[in-house]
Amino acid sequence: MRNIFLYALAAGTAIWLGGCQATGSLGNLTGAPTDGAVTKAAYMPVGQQVLPPYGYVAFCLRDRHECEGGTDTPKNMPLTPDRWTQLNEVNDYVNRNIPQIEDIDNYGVQEWWAYPNARGGDCEDLALLKRKMLIERGWPQEDLLMTVVREWNGDGHAVLVVTTDKGEYVLDNKNWAIVSWADAPYTWIKRQSQKRPYIWVDLDQRTFLTASNDTVPPLGAPIPFLAAVDKAATATAKPQITQLPAFRPSLAAEPDRDEAPTAALAAN
């Protein structure tokens, strides 16, 4: 199994291209969602396991259940007309109602993956919320994949890729029309694996390696990079006293210093 990302995380390696880099560059929204006929999309070529974005790792550390689960037999959601309408409704609701704010202005740091707060969120925050809302509506998590891309100007960006029986579609805060991944104007970098949400896979065909040798941990196994963090924390923790010192008989032989005053009070 390739576990290079585990060692990098345990060593505190900064992981390249975490997510939004220019929320302020919005403005190229291309129209409202449509409820028309679904155009069949293609499936995205997927390569080997790669380092997850560091913002995603921190998100998992803060709330581990968000990154648990998975399946050994992912199945693509049947994209019925009702499901297509559902995708558009969720995408439209989040894009219209969640204010867009960069992490540095919202949290004071450059990269912070989270659900939107009262002030709003940036691209990955909106994508996480869309994912959550669709899961609540019965979509399996393995068909809702957080994905990192590059824009035409080199900025990092994050979208939600939805895998269906008719292909893969993009829910984006910069383009309200839901389109096939092949029609989105991005360079594809990496995304979540369908089998385990905490594993990320390569989408950049320039860097593809043979993916057939990659394996995944068994279902229910600890998330590897979280286990590495736990192990490192245990190794650096201060030793704790687990047993009280033995009672010394010599202390029992010492006179009780309260005995004399007590006796005096009794005599009075």
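Please read all numbers here as calculations on a predicted model, not as lab measurements. (Residues numbered from 1 in each chain as written. Predicted model: local features only at pLDDT ≥ 70, side-chain atom pairs only at ≥ 80, totals over all residues. Heavy atoms only, no water.)

A. Spotlight on the side chain of Gln49. With respect to the helices and strands, Gln49 occurs in strand β1 (residues 49–50). Gln49 sits in the buried class, given a relative accessible area of 7%. (Helix = DSSP H or I, 4+ residues; strand = E, 2+ residues; numbered from the N terminus. Buried < 20%, exposed > 50% of the residue type's maximum accessible area, 1.4 Å probe, protein only.)

B. Just the side chain of Thr164, in detail. Mapped onto the elements, Thr164 comes out in strand β3 (residues 156–164). Among the polar contacts listed, one links the side chain of Thr164 to the backbone nitrogen of Lys166, at a separation of 3.0 Å. Within the structure, Thr164 has its side chain in polar contact with the backbone oxygen of Gly167 (distance 2.8 Å). If we skip the residues at most four places from it in the chain, Thr164 touches Tyr43, Asn76, Met77, Leu79, Trp139 and Tyr169. (Polar contact = N/O pair within 3.5 Å; in protein donor to acceptor, adjacent residues only side chain to side chain. Contact = heavy atoms within 4.5 Å.)

C. Representation of the pattern of salt bridges within the structure. Taken as a whole, this structure holds eight salt bridges when the rule is applied. Put simply, Arg64 and Asp230 hold a salt bridge, and the shortest N to O gap is 2.7 Å. Of the two residues, Arg64 sits in the loop between α2 (54–62) and α3 (81–97) while Asp230 sits in helix α6 (residues 224–236), which places them 166 residues apart along the sequence. Given the relative accessible area of 30%, Arg64 is considered partly exposed. A residue is classified by how much of its surface remains accessible, and Asp230, at 33% relative accessible area, is partly exposed. (Salt bridge = Lys/Arg side-chain N within 4 Å of Asp/Glu carboxyl O.)

D. Local environment of the pairing of strand β4 (residues 167–171). Taking burial as the measure, the five residues of β4 include five buried ones, the bulk of the element. Connecting β3 to the next strand, β4, in antiparallel fashion are two residues. With two bridges connecting them, β4 and strand β5 (residues 179–180) associate as antiparallel partners. What sits directly across from Tyr169, in β5, is Ser180. (Pairing = 2+ DSSP bridges.)

E. How the structure looks around the nonpolar core. Counting 37 residues, the largest nonpolar core has Tyr56, Leu87, Trp113, Leu134, Trp139, Leu160 and Phe225 as its most contacted members. Listing elements by their share of this core, those giving two or more residues are α2, α3, α5 (123–136), β2 (144–150), β3, β4 and α6. For this core, the element with the most residues is α5, which contributes six residues. Listed in part, the eleven residues of the second largest apolar core include Met44, Val149, Val170 and Val179. (Core = buried A, V, L, I, M, F, W, Y, C linked by side-chain atoms within 4.5 Å.)

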